[in-house]
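# Report on the structure
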Amino acid sequence: MGFEPPQRLVRALGEMYGDGAAAEWLDRLPTLTGQAIDAAGPDLTVERVAAPGGRSALVLLVRQADGTPAALKIAPPPAEPEQERAALAHWNGWGAVKLLEVPETDASGALLLERLHHEVSLRSLPEAKALLEAAGTVRRLWVEPPAGHPFETVAERTGRQSEGMRAAGEADPELAPLVDAALAARTELVEGSPELLLLHGNFRQSKVLSGERAPWLTVGPEPLVGERAYDLARLVRDRVEDLIASPGGPVTARRRVKRLAESLEVDQARLHGWTLFRAVESGTRALAEGRRQMGEVNLEFAGWL
């Protein structure tokens, strides 16, 4: 099958996994795509590659045998597509894109999903409206995880992330105070975590797309179990570039923490703490991946908190 993966995906995979590993997976992508199409059914019709697409997977726009539009998502193993499959199966379309098929013999790790309007996300709305719709969507995802679930906890994920943050602080004395504050906040938060719910893990406006079955549905979870404040913390930082450019950015950021905490009945101090941790983690990771501008933006935002 001949196609060119979107350049956005190629660049993002190189940043996340290194050029060598990214190139190796991209070389295998035609074979993986063929396997995924075969596993999804012989009557599946491929229309085109969704572009510009996401940063973590190739998405093909397809049609099933009865003409129903769908999307076939193919992600590299480090993206843990089986974790996404498990979360989507548990939500069963409640607040999230619906998993249409679970091929038992598919070695590609592909997901066959209902097709949403990939070109229309909450980022197309004015900020206040987008945050309102986002809050209404994410609350649907916060349910009890399935028995014997495969998901890691917030404590486990942030524990791994802390290693890279700590290394960044040791390498750059100017970063050390911010890193230390974020790590201290994380220690206090995980010791007193009040709940263990299924979380999206990477919830933000661009992960909520327009649909036919419901006005807005979530895609691209990086699922884990823990408290709602952790999941909400990434949303606080949405449109961070606009916040940085605004003269009232620091005040707006703190108001956003308060507004989201109140609207979703989440403890404001815990949301503040997780917002700090996640901003610093994202900033230090971006710097390590060579995305200096994004790293500096996220760290500046963290400094406002």
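Before reading on, note that the structure itself is shown above.
Residues numbered from 1 in each chain as written. Predicted model: local features only at pLDDT ≥ 70, side-chain atom pairs only at ≥ 80, totals over all residues. Heavy atoms only, no water.

### Looking at helix 1 (residues 7-17)
- Looking only at helix 1, the buried set comprises Leu9, Ala12, Leu13 and Gly14.
- On its buried face, helix 1 sits against helix 2 (19-40) and strand 2 (58-63).
- Looking one or two residues beyond helix 1, the residue adopting positive phi is Gly18, at roughly 95 degrees. (Buried < 20%, exposed > 50% of the residue type's maximum accessible area, 1.4 Å probe, protein only. Helix = DSSP H or I, 4+ residues; strand = E, 2+ residues; numbered from the N terminus. Contact = heavy atoms within 4.5 Å.)

### Concerning the packing of helix 7 (residues 228-236) against helix 10 (residues 268-288)
- Running from N to C, helix 7 and helix 10 point in directions that differ by 60 degrees, and their axes come no closer than 8 Å. Comparing the axis directions of helix 7 and helix 10 gives the class oblique. Pair helix 7 / helix 10 crosses with right-handed handedness. Note on element contacts: helix 10 touches helix 7 through Arg270, Leu271, Trp274, Thr275 and Arg278, opposite Ala229, Tyr230, Asp231, Leu232, Ala233, Arg234 and Val236.
- In terms of residue class, the contact of helix 7 with helix 10 is made up of seven nonpolar, one polar and four charged. (Axes fitted to C-alpha atoms, helices over the stretch in contact; angles between N-to-C directions. Parallel < 35°, antiparallel > 145°, perpendicular 65-115°, else oblique. Left-handed = near helix turned anticlockwise from the far one by under 90°. Nonpolar A, V, L, I, M, F, W, Y, C, P; charged D, E, K, R; others polar.)

### Thoughts on the pairing of strand 3 (residues 69-74)
- Burial analysis of strand 3 places five of its six residues in the buried class, which makes it a mostly covered element.
- By the bridge criterion, six bridges tie strand 2 to strand 3 in an arrangement that is antiparallel. Paired with Val62 across the bridge in strand 3 is Ala70.
- Two elements, strand 3 and strand 5 (residues 111-114), share four bridges in a ladder whose sense is antiparallel. (Pairing = 2+ DSSP bridges.)

### A few points about the sheet that holds strand 2
- The antiparallel open sheet is built from five strands, whose spatial order is 1-2-3-5-4. Two strands in the sheet have a free side with no partner beyond their single neighbour: strand 1 (45-49) and strand 4 (99-101). Neighbour-to-neighbour, the strand axes of this sheet turn through a mean angle of 40 degrees, independent of strand direction.
- Helix 3 (residues 81-91) rests against strand 3, strand 4 and strand 5 of the sheet, and its axis sits at about 35 degrees to strand 5.

### Here's the deal with the environment of Ala168
- Along the chain, the position of Ala168 falls in helix 5 (residues 154-171).
- Taking the C-alpha atoms as reference points, Ala168 and Ala288, 120 residues apart in sequence, are found 8.1 Å from one another.
- Residue contacts for Ala168: discarding those within four places in its chain leaves Leu175 and Thr284.

### So, unusual backbone geometry
- With omega at 5 degrees, the peptide bond leading from Ala51 into Pro52 counts as cis.
- In this fold, Pro52 is placed in the loop between strand 1 and strand 2.
- If you check the backbone angles, Asn92 has positive phi at about 50 degrees while not being a glycine.
- Among the secondary structure elements, Asn92 is positioned in the loop between helix 3 and strand 4.
- Even without being a glycine, Arg239 presents a positive backbone phi close to 55 degrees.
- Residue placement: Arg239 occurs in the loop between helix 7 and helix 8 (240-245).
- Exposure remark for Arg239: the relative accessible area of 11% places this residue in the buried category.

Geometric values such as these leave the question of function open.
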